[in-house]
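Working through the structure, step by step
Okay, here's what each chain looks like letter by letter:
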Amino acid sequence: MTDEHPAPHWRTKLVHPGVTAPQDFRALVPAVHRGSTVLFDRVADARDDWRGDGYTYGLYGTPTTRELALRVADLEGAKASFVVPGGQAAIALVYLAHCRAGDHALVPESAYRPNRELADKLLAGLGIEVQAYDPLLGAEITTLIRPNTRLIWCESPGTITMEVQDVPAIVATAHERGVPVALDNTYAAGVLFDAFAHGVDVSMQALTKYVGGHSDLLLGTVSVGTVEAHERVGATHGLLGLAVSPDDCALALRGLETLAVRLDRLQATALNVAHWLKTRPEVELVLHPALPDCPGHDVWRRDFTGSASVFSVVFRPEWDAERITRFVEGLRLFRLGFSWGGTHSLVMAYPPLPRMQRGYEGRVVRLNVGLEEPADLIADLRHSLSLVS
Ligand SMILES: *Cc1c(COP(=O)(O)O)cnc(C)c1O
């Protein structure tokens, strides 16, 4: 070391190490990059912006978050995707990117409940009116569109009641009136329904469900199909500071690699269990998109390339809340809990649902099948039904 550059003290070396490991490590797995600060060589290069391919600040992307966003966008056929801390954060981002005080938005009454709660408990106070509509309205949604309507949500199939929506018909009507359409595409894992081929402007999903796939991750994406949606969502994403952990992104990247085999197996098991439940005398309706009982079944056949792991059954009228509770609590392999898309089978009973139609009077039980052997799941259901019947 020279006089001008004496050998650094060990304290300095802790922060400015004189050695680095070779960087040419080639694994099959994307690296987990942690970083808030991004370094620049020249003052003139320093900027802090969500746009562009370069890295400027951790919030606007690290190689790990970008890798996940790019892979999701590529899978979904999107212009770009933004990774956010969860599906609910994705929903909030979509609303706040499109709606201002005085605006009106439409949401299907069968939407994920926290979507509607966000509207009622937060957006209403910001002067944004969110109106619920019957999910089975297709082109007739035109009668609900107002001059100040800035966003139409679709969620197909709907949460719990599983109505499959005629998204192309809604998109056609909305676009005639200049209104963008956002889709909650979580059920389809972004792949079983091609949102952008069907004209949707913005498609979000909870990666928490199928992409994560192991009930150990909360993460979401908002994908955009138009330049306008890209601008709105990109700018709002940065303003809200929706940063995500690279470790969580690494889990989602790993989940993506096995998504196809898990979806195939979940689809087969769910169909197996759903068809068996349809034969049971206790059951009035099986609300699975691939079964004719499900409202919008024909639309599912036309627009989807597969079905997933979650569906509901409606018990016959003589099944009251007390019997349904005993049945649900008598299950052993189906565990009582919210969410879905993981390796475990889950069950949940619902009180009468806030729907104008199809509230099903508290006779709805939602099932999520996991990766267990189908015969064992059916035996579990049979056993618990026999305890109650
Ligand atoms: C679970 C879910 C969400 C929310 O996802 P989180 O990651 O749990 O916030 C949104 N929409 C649908 C349809 C969901 O099922």
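Residues numbered from 1 in each chain as written. Predicted model: local features only at pLDDT ≥ 70, side-chain atom pairs only at ≥ 80, totals over all residues. Heavy atoms only, no water.

1. Considerations on the UniProt feature "modified residue: N6-(pyridoxal phosphate)lysine" (unreviewed entry) in the protein
Formally: UniProt positions are given in the numbering used here, feature names are shortened, and annotations may be inferred rather than shown by experiment. The helix and strand labels rest on DSSP assignments: H or I over at least four residues marks a helix, E over at least two residues marks a strand, and numbering proceeds from the N terminus. The buried label goes to any residue with under 20% of its type's maximum accessible area, the exposed label to any with over 50%, and the partly exposed label to all in between, with areas taken from a 1.4 Å probe on protein chains only. For this analysis, residues touch if any pair of their heavy atoms sits within 4.5 Å.
Summarizing the sequence annotation, UniProt attributes the feature "modified residue: N6-(pyridoxal phosphate)lysine" (unreviewed entry) to K209 in the numbering used throughout. If you trace the backbone, K209 turns up in the loop between β6 (202-206) and β7 (220-224). Residue K209 is classed as buried on the basis of its relative accessible area, which comes to 9%. Beyond its immediate chain neighbours, meaning those up to four positions away, K209 contacts T186, S339, W340 and G341.

2. Quick word on the nonpolar core
Considering soluble globular proteins, one finds that nonpolar side chains tend to be buried as a cluster. Rule in force here: By nonpolar core we mean a set of buried residues, namely Ala, Val, Leu, Ile, Met, Phe, Trp, Tyr and Cys, connected to one another through side-chain atoms within 4.5 Å. All the domain ranges listed were derived from an automatic or database domain assignment.
Grouped together as the largest cluster of nonpolar side chains are 59 residues, with contacts concentrated most on L68, Y133, I152, Y210, L219 and F304. Those elements that place two or more of their residues in this core are α2 (63-76), β4 (149-155), α5 (167-176), β5 (181-184), α7 (246-278), α8 (297-303), β9 (310-315) and β11 (346-350). Looking at this core, the element that brings in the most residues is α7, giving seven residues. Mapped onto the domain boundaries, this core takes at least three residues apiece from domain 1 (43-253) and domain 2 (258-388). Judged by nonpolar contacts, the second largest core, of 33 residues, contains A90, L123, W153 and V202.

3. Notes on the pairing of β9
Put simply, the test is: Only strands that DSSP links by at least two bridges are regarded as paired with each other.
With six of its six residues buried, β9 lies for the most part within the structure. Residues V310, S312 and V314 point to one face of β9 and F311, V313 and F315 to the other, with burial holding for every one of them. As paired elements, β9 and strand β12 (residues 364-368) share five bridges and run antiparallel to each other. Paired with V313 across the two strands is V365, which belongs to β12.

4. Here's the deal with the pattern of salt bridges
Cut-off, in case you're wondering: Salt bridges are defined as contacts in which a side-chain nitrogen from Lys or Arg sits within 4 Å of a carboxyl oxygen from Asp or Glu.
Across all of its chains, the model carries 20 salt bridges by this definition. The partner of R302 in a salt bridge is D303, and the shortest N-O contact between them spans 2.8 Å. Given a relative accessible area of 49%, R302 falls into the partly exposed group. In this structure D303 comes out as buried when scored by relative accessible area, which is 8%. Among the ionic pairs, R363 bridges to E361, the shortest N-O distance being 2.9 Å. Salt bridges sharing common partners tie together R47, D49, R51 and E231.

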